[in-house]
Amino acid sequence: MKLPRHVAIIMDGNGRWAEARSLPRYRGHLAGQGAIREAVEGALDVGVEWLTLFAFSTENWRRPSSEIQALFDLFEAVLREETPELVEQGVRVHIIGEREGLPPSLLDAIEEAEAASRHQSRMRLVGALNYGGRREILRAAERLARSGEPVTEATFRRGFYLPEMPDPDLIIRTSGELRLSNFLLWQSAYSEIWVTDTLWPDFTKEEFVHAIRAYQTRRRRFGGVPQG
Ligand code: IPE
Ligand code: IPE
Ligand code: MG
């Protein structure tokens, strides 16, 4: 059965997870760290080459500053705590999105994680942080306009945050929302989408594998006619 080469996850539902327990929203974000581990383990077990996790969108700045601060503290802690094990497991870490506006200590943690893991090649783990699909497209358009290169899909992609990243074959979204929320807009043109009602902190490795099985029953046509 064909494996997705690139799985991307919209990690959603932390706030609702906390609300259901009468806890402050940030407690839901903290609880989400375990689910990140689960997703990485699932991806390594299955053998996907690329795993992208949507952690903070360019629109998430609309949240209260205390929640934003808690999220940035958490991203920094996750990067610092998880990188040694990720390196041991052969995982190379990348962060995509706008670096501008992120706190200096988080920027340091990002640079350290990317540098420490740069020789790893078993799997690529991409964190989308301060990421917006529209922003990435505008960035690529600006680069292409300045470069004077011919306008093609290939030259356009050179302006993406991580040009070598393949399009996601499968996009998973937790917490039941049926939208992309500005995630990988260009790259999702032919992605298969799988949505679960599970809230992100409750997401497990088993559910990741379940999503992969569901993907394997899909018939991707890319605008052509069904095969086989
Ligand atoms: C996802 O959980 C985390 C981020 C978007 C940063 P939410 O915080 O969006 O949780 P809900 O959607 O309010 O439940
Ligand atoms: C999408 O979740 C962004 C991330 C998972 C980082 P949101 O919770 O921000 O999306 P909306 O606002 O419900 O569309
Ligand atoms: Mg949400």
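Every value quoted in this text rests on a predicted model; they were computed, and no experiment measured them. (Residues numbered from 1 in each chain as written. Chains lettered and ligands numbered in written order. Predicted model: local features only at pLDDT ≥ 70, side-chain atom pairs only at ≥ 80, totals over all residues. Heavy atoms only, no water.)

1. Some words on the overall build of the chain
Then, in step 1: Looking only at helices and strands, one finds 7 helices and 6 strands in the chain.
Then, in step 2: In summary, the chain has a C-alpha radius of gyration of 17 Å against a globular reference of 17 Å for 228 residues, a match within 12%.
Then, in step 3: Each principal axis of the C-alpha distribution contributes one length, and for the chain these read about 50 × 45 × 35 Å.
Then, in step 4: Buried residues in the chain amount to 49% of all 228 residues.
Then, in step 5: Of the contacts formed within the chain by residues at least 6 apart in sequence, a portion of 74% connects residues at least 24 apart.
Then, in step 6: A total of about 11,500 Å² of accessible surface is found on the chain, and carbon and sulfur atoms cover 50% of it.
Then, in step 7: Each charge class in the chain can be summarised by its mean position, and for the 30 positive and 33 negative side chains these summaries are 5 Å apart. (Helix = DSSP H or I, 4+ residues; strand = E, 2+ residues; numbered from the N terminus. Rg over C-alpha atoms; globule rule 2.2 N^0.38 Å. Buried < 20%, exposed > 50% of the residue type's maximum accessible area, 1.4 Å probe, protein only. Contact = heavy atoms within 4.5 Å. Areas by Shrake-Rupley, 256 points an atom, 1.4 Å probe, with all protein chains shown as cover. Lys, Arg positive; Asp, Glu negative; His and termini not counted. Charge placed at Lys NZ, Arg CZ, Asp CG, Glu CD.)

2. A word on the pattern of salt bridges
It is possible for side chains of opposite charge to pair when their charged atoms get near one another.
Then, in step 1: With the rule as written, the count across this model stands at 23 salt bridges.
Then, in step 2: Between Asp 12 and Arg 173 there is a salt bridge, and its shortest N-O distance comes to 2.8 Å. Separated by 161 residues along the polypeptide, Asp 12 in the loop between strand 1 (6-10) and helix 1 (14-20) and Arg 173 in strand 5 (residues 170-173) bring together distant segments of the chain.
Then, in step 3: According to the relative accessible area criterion, Arg 173 is buried, its value standing at 5%.
Then, in step 4: Measuring nitrogen to oxygen at the nearest pair gives 3.5 Å for the salt bridge that ties Glu 164 to Arg 124. One end of the pair, Glu 164, is in the loop between helix 6 (153-157) and strand 5; the other, Arg 124, is in strand 4 (residues 123-131), and 40 residues separate them in sequence.
Then, in step 5: The structure contains a network of salt bridges with shared partners spanning Asp 12, Arg 16, Arg 173, Glu 177 and Arg 179. (Salt bridge = Lys/Arg side-chain N within 4 Å of Asp/Glu carboxyl O.)

3. Side note on the sheet that holds strand 4
Then, in step 1: Spatially, 3-4-2-1-5-6 is the arrangement adopted by the 6 strands of the open sheet, whose pairing is parallel. Looking along the sheet, the strands with just one partner apiece sit at the ends: strand 3 (91-96) and strand 6 (192-195). On average, each strand axis in the sheet is inclined to that of its neighbour by 20°, with strand direction left out of account.
Then, in step 2: Relative to strand 5, strand 1 runs parallel, the two being bridged by 4 bridges. Bridging across to strand 5, Ile 9 finds its partner in Ile 172. (Pairing = 2+ DSSP bridges. Axes fitted to C-alpha atoms, helices over the stretch in contact; angles between N-to-C directions.)

4. Considering the side chain of Arg 37
Then, in step 1: You can see Arg 37 is positioned in helix 2 (residues 25-46).
Then, in step 2: Arg 37 sits in the buried class, given a relative accessible area of 15%.
Then, in step 3: Looking at Arg 37, its side chain comes within polar contact range of the side chain of Glu 41, at 2.6 Å.
Then, in step 4: Filtering out sequence-adjacent residues up to four positions away, Arg 37 remains in contact with Glu 82, Glu 85, Leu 86 and Gln 89. (Polar contact = N/O pair within 3.5 Å; in protein donor to acceptor, adjacent residues only side chain to side chain.)

5. Quick word on the site of ligand 2
Then, in step 1: Around ligand 2 sit Ile 10, Met 11, Asp 12, Phe 54, Ala 55, Phe 56, Ser 57, Asn 60, Arg 63, Arg 173, Arg 179 and Ser 181, and those are all the residues in its vicinity.
Then, in step 2: One of the side-chain N or O atoms of Arg 63 is found 3.2 Å from an oxygen atom in ligand 2.
Then, in step 3: Contact between ligand 2 and Ser 181: an oxygen atom at 2.6 Å from a side-chain N or O atom of the residue.
Then, in step 4: Alone, ligand 2 offers 390 Å² of accessible surface; in the complex the protein occludes 78% of this.
Then, in step 5: For the shell around ligand 2, the leading source of residues is strand 2 (residues 50-57), giving 4 residues.
Then, in step 6: Of the residues assigned to the shell around ligand 2, the class counts are 5 nonpolar, 3 polar and 4 charged. (Near = heavy atom within 4 Å. Nonpolar A, V, L, I, M, F, W, Y, C, P; charged D, E, K, R; others polar.)

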